[in-house]
Amino acid sequence: LGRAWAVIKVGGSVFTDKRRPFSIDTRSLEDVCRAIRRALDDCVECVALVHGGGSFGHYVVSEHGGLATRDAFCQTVFFMRELNQVVVEMLNLYGVPAVGIDTHAFVGRLDDLGGVVEIYMERGIVPVLYGDAFISERGFEVVSGDLIAWRLAQALKVTKLVFVTGVGGILRDGRIVSRISIEDALRVVGKARGYDVTGGMAMKISLGIDAIREIGHVHIVGRECLYQALCEEEPSCGTMLEP
Ligand SMILES: Nc1ncnc2c1ncn2[C@@H]1O[C@H](COP(=O)(O)OP(=O)(O)O)[C@@H](O)[C@H]1O
Ligand SMILES: [Mg+2]
């Protein structure tokens, strides 16, 4: 059995309104931070948090029509760091020691992220990463919070990977399914994208096709289910995604 470490990805859709630029839903962010505080008290040793771009990153990238220019790149980083500070501050308010980690500082070396994140976690500090602009050999690109979360979970061999999203799980015929294989989930979700420049729910799931065999099941839940997903083996809420 692995150690009781968790990677949590909180979608921007959970604590911002993607249709209103630069809006933050403080109540929802408080719910998330409270759940993390309680889980650290009760059942998990270390947490790495990754958050999405919500009405900050996705808005800035769409306004620029992508990340082709230096301006687009720099502004995306600027506004994502603002959002990141808000998340870190709220964690601190809930008594969780946390620091922001900038993926863009790892230029071209995404694989180095895991080792750095691990050092913070070992010291009892919650590293707070985010979907970010990034320079690779292909040029400027967006690295989604979803991708960061899947890769960290693999690198750190965590026991829990939880995606918190605005809807309470994976919906089939308008209802949350409690367990589903990753293949079936992709069929159910189709190509739904919404206000997400990195591909929405469909891309979120497909990024984990290989990873999920190593990690085992992962949870896709609403914020009201985060604590249960972290602390219970089979939570009675949200969706358990299986290989
Ligand atoms: N079958 C489905 N089940 C759940 N969500 C779906 C489904 N089809 C489309 N979606 C959309 O995917 C969205 C989640 O993806 P995304 O907008 O990227 O969220 P996040 O901000 O958490 O990354 C949901 O808010 C929902 O609108
Ligand atoms: Mg998304």
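Since this is a predicted model, take the numbers as computed values, not measurements.

**Student:** For the overall build of the chain, give the residues involved together with the corresponding values.
**Tutor:** Across its full length, the chain carries 10 helices and 12 strands. For the chain, whose C-alpha radius of gyration is 16 Å, the value lies close to the compact-globule estimate of 18 Å for 243 residues. Referenced to the eigenvectors of the C-alpha coordinate spread, the extents of the chain come out at roughly 45 × 40 × 35 Å. For the chain, buried positions account for 51% of its 243 residues. Taking as baseline every contact in the chain between residues at least 6 positions apart, the subset at least 24 positions apart corresponds to 73%.

**Student:** Lay out the sheet that holds strand 10 (residues 179-181) with the relevant residues and their values.
**Tutor:** The strands making up a sheet associate through backbone hydrogen bonding, with each pair oriented either parallel or antiparallel. What the 8 strands build is an open sheet, ordered 3-4-2-1-7-11-12-10; its pairing is mixed. Edge positions in the open sheet fall to strand 3 (98-100) and strand 10, since each of these has one partner strand only. When strand polarity is set aside, the average angle formed by the axes of neighbouring strands in this sheet is 25°. Sheet strands in contact with helix 4 (residues 70-93) are strand 2 (46-51), strand 3 and strand 4 (126-130), and its direction is about 155° off that of strand 4.

**Student:** Describe the side chain of Glu141, naming the residues involved and giving the relevant values.
**Tutor:** Residue position: Glu141 is located in strand 6 (residues 139-143). Within polar-contact distance, the side chain of Glu141 engages the side chain of Ser136 at 2.3 Å.

**Student:** Residue-level account of helix 4, with values.
**Tutor:** The first and last C-alpha atoms of helix 4 sit 35 Å apart over 24 residues, in line with the 34 Å expected at 1.5 Å per residue. Listed in full, the buried residues belonging to helix 4 are Ala72, Phe73, Thr76, Val77, Met80, Leu83, Asn84, Val87, Val88, Met90 and Leu91. Two residues or fewer past helix 4, Gly95 is found with a positive phi of approximately 80°.

**Student:** Go over the packing of helix 2 (residues 26-42) against helix 4, please, and point to the residues and values.
**Tutor:** As a packed pair, helix 2 and helix 4 sit with axes 9 Å apart at the nearest point and diverge in direction by 50°. The orientation of helix 2 relative to helix 4 falls into the category oblique. Helix 4 is crossed by helix 2, and the crossing has right-handed handedness. Each of Thr26, Leu29, Glu30, Cys33 and Ile36 in helix 2 lies in contact with helix 4, whose residues at this interface are Val86, Val87, Met90 and Leu91. Classifying every residue of the contact of helix 2 with helix 4 by side-chain character gives 7 nonpolar, 1 polar and 1 charged.

**Student:** Hey, could you go over the nonpolar core for me, with residue numbers and the actual values?
**Tutor:** Residues Val7, Trp150, Leu161, Ile170 and Leu241 are the most contacted members of the largest nonpolar core, which totals 39 residues. If you tally residues by element for this core, the top one is helix 6 (residues 145-156), at 7 residues. Setting aside residues no more than four positions away along its own chain, Trp150 makes contact with Leu161, Phe163, Lys204, Ile205, Leu207, Gly208, Ala211, Ile212, Ile215 and Val218. Formed by 34 residues, the second largest nonpolar core is a distinct cluster that contains Leu29, Leu49, Val128 and Val221.

Calculation rules
Residues numbered from 1 in each chain as written. Chains lettered and ligands numbered in written order. Predicted model: local features only at pLDDT ≥ 70, side-chain atom pairs only at ≥ 80, totals over all residues. Heavy atoms only, no water. Helix = DSSP H or I, 4+ residues; strand = E, 2+ residues; numbered from the N terminus. Rg over C-alpha atoms; globule rule 2.2 N^0.38 Å. Buried < 20%, exposed > 50% of the residue type's maximum accessible area, 1.4 Å probe, protein only. Contact = heavy atoms within 4.5 Å. Pairing = 2+ DSSP bridges. Axes fitted to C-alpha atoms, helices over the stretch in contact; angles between N-to-C directions. Polar contact = N/O pair within 3.5 Å; in protein donor to acceptor, adjacent residues only side chain to side chain. Expected span 1.5 Å × (residues − 1). Parallel < 35°, antiparallel > 145°, perpendicular 65-115°, else oblique. Left-handed = near helix turned anticlockwise from the far one by under 90°. Nonpolar A, V, L, I, M, F, W, Y, C, P; charged D, E, K, R; others polar. Core = buried A, V, L, I, M, F, W, Y, C linked by side-chain atoms within 4.5 Å.

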